[in-house]
Amino acid sequence: MSVDAPAAGPAPAAPKSITAAPREAALVEPSPGAQLRRRVFGHAGLVIGGAVLAVIVVAAILAPVLSPGDPYDQVLDRKLIPPVWFDSAEATWDHPLGTDHFGRDYLTRLLYGARISLIIGLSAMAISMVIGTAIGVAAGYFGGRVDMVANFVITTRLSLPVVLVALAVVSLVGSSLTMVIWVLGLLIWDRFAVVMRAATMQVRQRDYIAAAEALGAPRWRILATEIMPNIMNALIVVATVEMAHAILLEAALSFLGLGVQPPEPSWGLMISEARGLMFFDGWLIIIPGAALFMLVLSINLLGDGLRDVTAPEAR
């Protein structure tokens, strides 16, 4: 009696490779660029601050195109025209933000004033960043007598009130756009020095710094490739804070009459010129004041957002 052979079924599937699952998972993981974009667009402060600052920068660059006139053009027949949102027969779209007491178009002066604020903020911040970062990094890395000398210089600077020193220097030497930039740049470097010193001292204790020194790496290379990249987050925050600080100081000096001189369209000078009309035409102060507030706020939001995005573990 013969026994029938079992019917041949489908061949069993070959076992999946152990490495197949990790490879498939790697394919669906977001790339570093996608992760960075997700962090950038997921940070509300960075998006809002960057958008507002971008609008102000573009408006300042395109001021000759966007402005309806010349910021220095005075026509007394059209003085103190209110903005278009006022219920007044004098309001006109030829001057959307109205005119000042000299008949100058306020929108034009506001746009050109953004140029002055951005130029002074960026230039003074760059000067102070070079000075303060050099002092702070040298003090934090070398220590010893270098740190003692740096601490003495920083303490001496902190004992001098910025506004009073700036007022004294500008009143003695003279006031101009270039002079305001240099005075502010040479006075606001202390925060850079203090923060960079502390950040450098923290990085200086890391094992990879000791390893680089043991391998005989030159100090300039350690500072450039090991120290600076690891203190960049702190540098970004201080840079944005000091840029906003310089803009506010320029506005304060111009308000007191020792900053940018007339007829330049500085926002601080616009506020100073309108202070006698604040109870009658308050919009002359509100408009440049709001622009100054938005610029400073956007810079601070952008700096904090960049720090959070570049160092997400510290959020």
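Everything numeric here is computed off the predicted structure, so don't read it as measured data.

Student: Give me the packing of aromatic side chains: which residues, what numbers.
Tutor: Enumeration over the complete set of coordinates arrives at 3 aromatic pairs. Geometrically, the ring pair formed by tryptophan 85 and phenylalanine 86 is tilted, given 6.4 Å between the ring centres and 40° between the ring planes. The class for tryptophan 85 is exposed, based on a relative accessible area of 55%. Its relative accessible area of 36% is what places phenylalanine 86 among the partly exposed residues. Taking the centre distance of 5.8 Å and the plane angle of 85° together, the rings of tyrosine 106 and tryptophan 283 count as edge-to-face. Taken together, the positions of tyrosine 106 in helix 5 (residues 106-142) and tryptophan 283 in helix 14 (residues 283-310) put the pair 177 residues apart, joining distant regions of the chain. The exposure classification of tyrosine 106 matches that of tryptophan 283, with both residues buried. Sitting above the plane of the tyrosine 141 ring, arginine 204 keeps its charged end 4.7 Å from the centroid. Over the ring of phenylalanine 255 we find arginine 275; its NZ or CZ atom is 5.2 Å from the centre of that ring.

Student: Can you break down the packing of helix 6 (residues 144-158) against helix 9 (residues 190-204) residue by residue, with the values?
Tutor: Close contact between helix 6 and helix 9 brings their axes to 10 Å; oriented N to C, the two are set at 145°. As helix 6 runs across helix 9, the sense of the crossing is left-handed. For the pair formed by helix 6 and helix 9, the contact residues are Asp147, Asn151, Ile154, Arg157 and Leu158 on the first element and Asp190, Ala193, Val194 and Arg197 on the second. Of the residues belonging to the contact of helix 6 with helix 9, the class tally is 4 nonpolar, 1 polar and 4 charged.

Student: An account of the side chain of aspartate 190 is needed here, citing residue identities and associated values.
Tutor: Assignment of secondary structure puts aspartate 190 in helix 9. Of the residues examined, aspartate 190 reaches a relative accessible area of 13% and is grouped as buried. Discounting chain neighbours no more than four positions away, the residues touching aspartate 190 are Arg157 and Leu158.

Student: Break down the nonpolar core for me, citing the residues and quoting the values.
Tutor: Core analysis: the biggest nonpolar cluster contains 44 residues, and Tyr106, Ile227, Trp267 and Leu295 have the highest contact counts within it. Sorting the residues of this core by element identifies helix 3 (44-61), helix 5, helix 9, helix 10 (207-214), helix 11 (219-230), helix 12 (232-255), helix 13 (267-274) and helix 14 as the ones contributing at least two each. Among the elements that make up this core, the one with the highest residue count is helix 5 (10 residues). Beyond its immediate sequence surroundings of up to four residues, tyrosine 106 is in contact with Leu97, Gly98, Thr99, Asp100, Met270, Ala274, Trp283, Leu284, Ile287 and Pro288. Counting residues in hydrophobic clusters, the runner-up holds 18 residues, among them Ile116, Leu167, Ala246 and Val260.

Rules used throughout
- Along each chain, residue indices are assigned from 1 in the same order as the chain's sequence is written.
- Note on the predicted model: pLDDT of at least 70 is required for a residue's local features to be given, and 80 or more for side-chain atom pairs to be given and counted; whole-chain, interface and lining totals, by contrast, use all residues.
- Excluded from the side-chain calculations are hydrogens and water; all other atoms, namely the structure's heavy atoms, are used.
- Within 6.5 Å between ring centres, the rings of Phe, Tyr and Trp (the latter by its six-membered ring) count as paired, and their orientation is classed by plane angle as stacked under 30 degrees, edge-to-face over 60, tilted in between.
- For every residue, the accessible area (1.4 Å probe, protein chains only) is compared with the maximum for its type, and the residue is labelled buried under 20%, exposed over 50%, or partly exposed between those bounds.
- Only DSSP runs of H or I covering at least 4 residues are called helices, and only runs of E covering at least 2 are called strands; the numbering of each starts at the N terminus.
- Two conditions define a charge sitting above a ring: the NZ of Lys or the CZ of Arg must be within 6 Å of the ring centre, and it must be within 35 degrees of the ring normal.
- Between N-to-C directions, angles span 0 to 180 degrees; the directions come from axes that are lines fitted to C-alpha atoms, helices contributing only their stretch in contact.
- Handedness of a helix crossing follows the sense of rotation of the near helix relative to the far helix, less than a right angle counterclockwise being left-handed and clockwise being right-handed.
- Two residues qualify as a contact provided that any one of their heavy atoms is within 4.5 Å of a heavy atom in the partner residue.
- Each residue gets one label: Ala, Val, Leu, Ile, Met, Phe, Trp, Tyr, Cys and Pro are nonpolar, Asp, Glu, Lys and Arg are charged, and the others, such as Gly, are polar.
- Put simply, a nonpolar core is a bunch of buried Ala, Val, Leu, Ile, Met, Phe, Trp, Tyr and Cys residues held in one set by side-chain atoms that sit within 4.5 Å of each other.

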